[in-house]
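# Descriptive structure summary
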Amino acid sequence: MPEALRAAIRDVVDFPKPGIIFKDITPILADAKLFHQSISLLCETAGGRVIDKVVGIDARGFIFAAAVADRLGAGFVPIRKKGKLPWKTLQTAYSLEYGESIVELHEDAIQPGESILLVDDLLATGGTAGAALKLLDELGANVVGVSVLIELAFLDGRAKLEPHPVHTILSY
Ligand code: AMP
């Protein structure tokens, strides 16, 4: 069950800044069974709906989102930090748990009305996922839900993502 995933997550104190407890998911990635299970549980959050594209957030989100996309028979679309995408982009600025950033999405990556599942490794303040949703909304995506492996529930990031459904596998 997800408790095996929880047990594998390594808390790294004061990374990348003092006061942050970083949830290191690399032990899950390195374990074939746990990685497979994490992707299965994220896929279940789609609730059997047809997903056209899974959108992943730079950078750890890519790992989960790409695997989920393949398992669901969907395409994969990256949302990246500023300056990384080569084609014409939409962009938006946001603040996150430990800094500020700008994210971008290719303007032709999604067609209006396509069913989208947004996937990331971790939901903290909700700034990153909120910025991603803003870009997806601008392109007219039909966002079926936001699925993350880990939610830091005490930060109430999901409040920023309303009214989109948020599914999390492990809550802290
Ligand atoms: P936020 O925008 O505050 O919801 O932060 C979420 C993004 O920052 C995710 O893409 C995470 O990868 C990363 N992140 C924020 N806080 C942590 C944390 N405590 N441990 C690991 N990653 C984090």
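Everything discussed here concerns the structure shown above.
Position numbers for residues start from 1 in each chain and track the written sequence from start to end. It should be noted that, the model being predicted, local features are given only for residues of pLDDT at least 70 and side-chain atom pairs only at 80 or more, the latter also being counted only at that level, while totals for whole chains, interfaces and linings use all residues. Heavy atoms from the whole structure form the basis of all side-chain values; hydrogens and water molecules are not counted.

### Quick look at the pattern of salt bridges
Throughout this description, the term salt bridge denotes a Lys or Arg side-chain nitrogen within 4 Å of a carboxyl oxygen of Asp or Glu. Evaluation of the coordinates by the stated rule reveals seven salt bridges. Put simply, R80 and D58 hold a salt bridge, and the shortest N to O gap is 3.4 Å. Pair noted here: R80 is in strand β4 (residues 75-81) and D58 is in the loop between β3 (53-57) and α4 (60-72), with a separation of 22 residues, a long-range link. Here R158 ties to E151 by a salt bridge, and the two come within 2.9 Å at their closest N and O atoms. Any residue under 20% of the maximum accessible area for its type is buried, any over 50% is exposed, and the rest in between are partly exposed; the area is computed with a 1.4 Å probe on protein chains only. The partly exposed category is assigned to R158, whose relative accessible area is 31%. The exposure class of E151 is buried, given its relative accessible area of 5%. Going along the chain from the N terminus, every DSSP run of H or I of four or more residues is numbered as a helix, and every run of E of two or more is numbered as a strand.

### Brief notes about the side chain of D24
Within the fold, D24 resides in strand β2 (residues 21-24). Judged by relative accessible area, which is 12%, D24 ranks as buried. Here a polar contact means two N or O atoms within 3.5 Å. Within protein one must be a hydrogen donor candidate and the other an acceptor candidate, and residues neighboring in sequence count only if both atoms are side-chain atoms. At a separation of 2.7 Å, a polar atom in the side chain of D24 contacts the side chain of R10. In this view, D24 contacts A8, I9, R10 and V12; residues no more than four positions away in its chain are not counted. Working rule for contacts: check all heavy atoms of both residues, and any pair within 4.5 Å makes them a contact.

### Observations regarding the environment of K160
Secondary-structure assignment places K160 in the loop between β8 (142-151) and β9 (166-171). For the pair K160 and A131, spaced 29 residues apart in sequence, the C-alpha separation works out to 9.7 Å. The residues touching K160, leaving out its near neighbours within four places in the chain, are T125, G126 and G127. A distance of 2.8 Å separates a polar side-chain atom of K160 from the backbone oxygen of T125.

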